[in-house]
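Descriptive analysis of the structure
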Amino acid sequence: ATLAEAVAVEGVAPSARVDAGGRAVLPGFVDAHTHFIFAGDRAEEFHLRHAGVGYEELARQGRGILSTVCATRAASAEELRALGEARLRSFAAQGTTTVEGKSGYGLDFATEERILAVMATLAEAPGLPRIVPTFLGAHTLPPERRGSPADRAAYVDAVCDEMLPAF
């Protein structure tokens, strides 16, 4: 158990002295920018970038953020919850106590809504880091809005006029 859990269980006041048994007590880490609700895997892309392939070339190949957007759109809320919970448990095991969870891998109303709803569900789960949700609908342009300046402007309008007020 963590010290905070031990203090809570024992009912010790936060200002009381607690013997940590010779262990170090450190503040928890805060991850102020993470996207932990997404589907897909970009490990191959990481290796290609390390080998010198540029991000624009990867995008032309259909890799990069748009591959994650497609996988996230196709994932169910339950799948996204399971993936997000596993990532949060990993963060917690490494000492992270709080995350600012950003959306941004949906890039459409329905998927951004699903991502934020999954975050809200996980925020209620015990034993996970605290979640501060942030809507990031303008993370990039969705694939269907990259065709023309009018398409791009329509997406910005949708983010500003529909998504921001809703979320």
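Up top is the structure.
Cut-off values and rules
- Residues numbered from 1 in each chain as written.
- Predicted model: local features only at pLDDT ≥ 70, side-chain atom pairs only at ≥ 80, totals over all residues.
- Heavy atoms only, no water.
- Pairing = 2+ DSSP bridges.
- Helix = DSSP H or I, 4+ residues; strand = E, 2+ residues; numbered from the N terminus.
- Axes fitted to C-alpha atoms, helices over the stretch in contact; angles between N-to-C directions.
- Contact = heavy atoms within 4.5 Å.
- Buried < 20%, exposed > 50% of the residue type's maximum accessible area, 1.4 Å probe, protein only.
- Right-handed = clockwise from strand over helix to strand, strands pointing away.
- Parallel < 35°, antiparallel > 145°, perpendicular 65-115°, else oblique.
- Left-handed = near helix turned anticlockwise from the far one by under 90°.
- Nonpolar A, V, L, I, M, F, W, Y, C, P; charged D, E, K, R; others polar.

1. Details of the sheet that holds strand β1 (residues 29-34)
Read from one edge to the other, the open sheet built from three strands follows the order β1-β2-β3, with strand pairing classed as parallel. In this open sheet, the two edge strands, each paired with only one partner strand, are β1 and β3 (130-134). Averaged over all pairs of adjacent strands, the angle between strand axes in this sheet comes to 15°, irrespective of strand direction. Judged from the four bridges that link them, β1 and strand β2 (residues 96-102) form a sheet pairing that is parallel. The partner of Phe 29 across the bridge, within β2, is Thr 96. The strands touched by helix α5 (residues 77-93) within the sheet are β1, β2 and β3, with β2 carrying the most contacts at an inclination of about 145°. Running over the sheet, helix α6 (residues 109-123) touches β2 and β3 and is turned about 160° from β3.

2. Some details on the pairing of β2
Counting buried residues along β2, six of its seven residues qualify, which places the element largely inside the surrounding structure. The pairing of β2 with β3 spans five bridges and is parallel. Opposite Val 99, over in β3, you have Ile 131 as the bridge partner. The handedness of the β2 to β3 crossover, carried by α6, is right-handed.

3. What about the packing of α5 against α6?
Running from N to C, α5 and α6 cross one another at 50°; their axes reach a closest spacing of 10 Å. Between α5 and α6, the angle is such that the two are oblique. Here α5 and α6 pass one another in a crossing that is right-handed. On α6, the residues touching Ala 77, Leu 80, Arg 81, Gly 84, Glu 85 and Leu 88 of α5 are Arg 114, Val 118, Thr 121 and Leu 122. For the contact of α5 with α6, a count of residues per class yields five nonpolar, two polar and three charged.

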